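Below are the chains, spelled out letter by letter.
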Amino acid sequence: MAGRAVAISSLLILLLFVGFSTPILSDGDKPENLTLLQSQDQNDAVSSPPDPNRFDGGDDDDLSDSDGTGGGDDDSDREVVDEKDVVVLKEANFNEILERNSYLMVEFYAPWCGHCKALAPEYAAAATELKGEAVLAKVDGTEENGLMDKYEVQGFPTLYFFADGVHKAYSGPRTKDAIVAWVKKKIGSVIHNITTTAEAESILTTESKIVLGFLDSLEGPESLELAAASRLEDDVNFYQTASPEVARLFHIDQQVKRPALVLLKKEAEKLSHFDGQFIKSAIAEFVFENKHPLVITFTKDSSRQIFENPIKKQLLLFATSNVSEKVLPEFQEAAKSFKGKLIFVHVEIDNKDGKSVADYFGVTGDAPRVLAYTGNDDAKKYVLDGELTSTSIKLFGGDFLEDKLKRFYKSDPIPETDDGDVKIVVGDNFDELVLDESKDVLLEIYDPSCGYCQALEPTYNKLAKYLRGIESLLIAKMDGTKNEHPRAKPDGFPTILFFPAGNKSFDPITFDGDRTLVAFYKFLKKHASIPFKLKKPASYQSSKDSDENNNSVKDEL
């Protein structure tokens, strides 16, 4: 009995202690009741649809295994390949093997890459067939980061061919026969003799791009230099002749001092004469600078000449077909000053192919425009203002190469009205809305065709509705396919960025949590510079009282 009394006394003391030690919270200090948002999340709890834009259908330039054959350590379906003639390279032995072999092909691969697995038997068979002529080797790119960086490898598999230490990318078919044929061309005799005018006329009729050397002899040091230069080119055929009659057909003066060299192509600028020192490097540089058209007209067929060109920087002329007749000659004249430095591209905006390019660059209207573009690595764009003449285009191109131009950002028109809960941001009003120091701003950068963006939209709209009465907070969105800004760099779609009030000079905070109302709200509460609190709609309590057993709360807004 005494023990029970002691226990009861102890319990009373404990309750009194807890009661006195628990602070009394003011309304502002009490934890917020997020039942309203939680109930909405329960109503919206559906799986996100697959995003058709997340993957590009097998782009080999990705560092992911784009064919979906997967990763992991399951090798049960991997073909056993005899790679006895493929040399394994590491950073420790790479230079030694390179120095010992005049001709070396190197595959940079990843063990999990499906394309690499498919290539393995073809590559091994090619190594065996080429044994004694050239060495085929491989580098595990997941282990040899130093070699990956040194040779700027961006994806798997990447194949380079080294001839006397100089490397060139192989982008042909990934089959044994194609690899063997390509390598044999590089290491064998790749220069052809023309001895008769009949041979010359046949070649001039059938081939679109030709280099001819006019030499004193078809053997000797000059012929060797021409042959060495020819190995550096894949898409130009090299010929040599000692016949003045043959040289005349190629527009070479029969009395010219030998050696002489010309490049002929079936385009606007048909003939280019070489006037440098007759050595491999100078000949190769001349051919590289002159083999492409002065101006490439953009089509699906010509796109490879642009996107796979080692020259990345471009000048683009956007014009309708009827206006092109007037401005294209000026564009072509300017292009002559930038051979080997810039690609000049003509885009006709009144056809389907050209219209899609114009949309990508944010070019609107029918007036001709010239843009400079740095290429896909950093995708910077610049616009030429003023009259389009060969002189103005040359000045613009020179300033582009010297990085003297002001960057252009594309933008939709500023909306005339914007009364929605989610505010519309475009490139031209970004500073006014997003960089307003008096407001905390949450910005979604989206692609209208993105499945994940479409799935997010109802939740994002509800978030904006519940927070619309908070003056210090702005919920906004921007179409990232039509608008750009230096402070808004999407990393895929959707990208959600938060710009705190009073801190707009710093990088925004990326939201990477669950895409629910509660998660968004807690993120905003944590990072907002200006404190705020959720304001319940007046209708919420009456709705709750009328339907106590319902786990969801209607969106009364």
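Residues numbered from 1 in each chain as written. Predicted model: local features only at pLDDT ≥ 70, side-chain atom pairs only at ≥ 80, totals over all residues. Heavy atoms only, no water.

**Side note on the packing of helix α8 (residues 221-230) against helix α10 (residues 280-290)**
- With their axes 8 Å apart at the nearest point, α8 and α10 run at an angle of 45° to one another. Relative to α10, the element α8 lies oblique. Viewed along their axes, α8 and α10 form a crossing whose handedness is right-handed. Facing E225, L226, A228 and A229 of α8, the residues of α10 in contact are K280, I283 and A284.
- Each residue belonging to the contact of α8 with α10 can be placed in one class, and the counts come to 5 nonpolar, no polar and 2 charged. (Axes fitted to C-alpha atoms, helices over the stretch in contact; angles between N-to-C directions. Helix = DSSP H or I, 4+ residues; strand = E, 2+ residues; numbered from the N terminus. Parallel < 35°, antiparallel > 145°, perpendicular 65-115°, else oblique. Left-handed = near helix turned anticlockwise from the far one by under 90°. Contact = heavy atoms within 4.5 Å. Nonpolar A, V, L, I, M, F, W, Y, C, P; charged D, E, K, R; others polar.)

**Comments concerning the packing of aromatic side chains**
- Here the structure, examined in full by the defined rule, presents 25 aromatic pairs.
- Here the aromatic rings of Y170 and W182 are separated by 5.0 Å at their centres, their planes lie at 70°, and the arrangement is edge-to-face. Here W182 lies in helix α6 (residues 176-187) and Y170 lies in strand β5 (residues 166-170), a separation of 12 residues in the sequence. Each member of the pair, Y170 as well as W182, is classed as buried. (Phe/Tyr/Trp six-rings, centres within 6.5 Å; stacked < 30°, edge-to-face > 60°. Buried < 20%, exposed > 50% of the residue type's maximum accessible area, 1.4 Å probe, protein only.)

**As for the nonpolar core**
- Core analysis: the largest hydrophobic core is formed by 24 residues, its most contacted members being L442, L463, L467, I475, L524 and F532.
- Elements represented by at least two residues in this core include exactly α16 (451-466), β18 (473-479), β19 (495-499) and α17 (517-527).
- With residues up to four places along the chain from it excluded, the contact list for L524 reads L442, L463, L467, L473, I475, F498 and F532. (Core = buried A, V, L, I, M, F, W, Y, C linked by side-chain atoms within 4.5 Å.)

**What about the sheet that holds strand β4 (residues 158-163)?**
- With respect to topology, 5 strands assemble into an open sheet ordered β1-β3-β2-β4-β5, the strand pairing being mixed. Strands with a single pairing partner mark the edges of an open sheet, and in this sheet they are β1 (86-89) and β5. Adjacent strand axes in the sheet meet at a mean angle of 30° when their direction is disregarded.
- Running at roughly 165° to strand β2 (residues 103-109), helix α4 (residues 114-129) makes contact with β1, β2, β3 (135-140) and β4 of the sheet. (Pairing = 2+ DSSP bridges.)

**Quick word on the pairing of strand β9 (residues 260-265)**
- Most of β9 is tucked away: 6 of the 6 residues are buried.
- Of the two faces of β9, the one carrying A260, V262 and L264 and the one carrying L261, L263 and K265 are both buried.
- One ladder, built from 6 bridges, connects strand β7 (residues 209-214) with β9; its direction is antiparallel. Pairing of F214 across the sheet is with A260, part of β9.
- As paired elements, β9 and strand β10 (residues 271-273) share 3 bridges and run antiparallel to each other.

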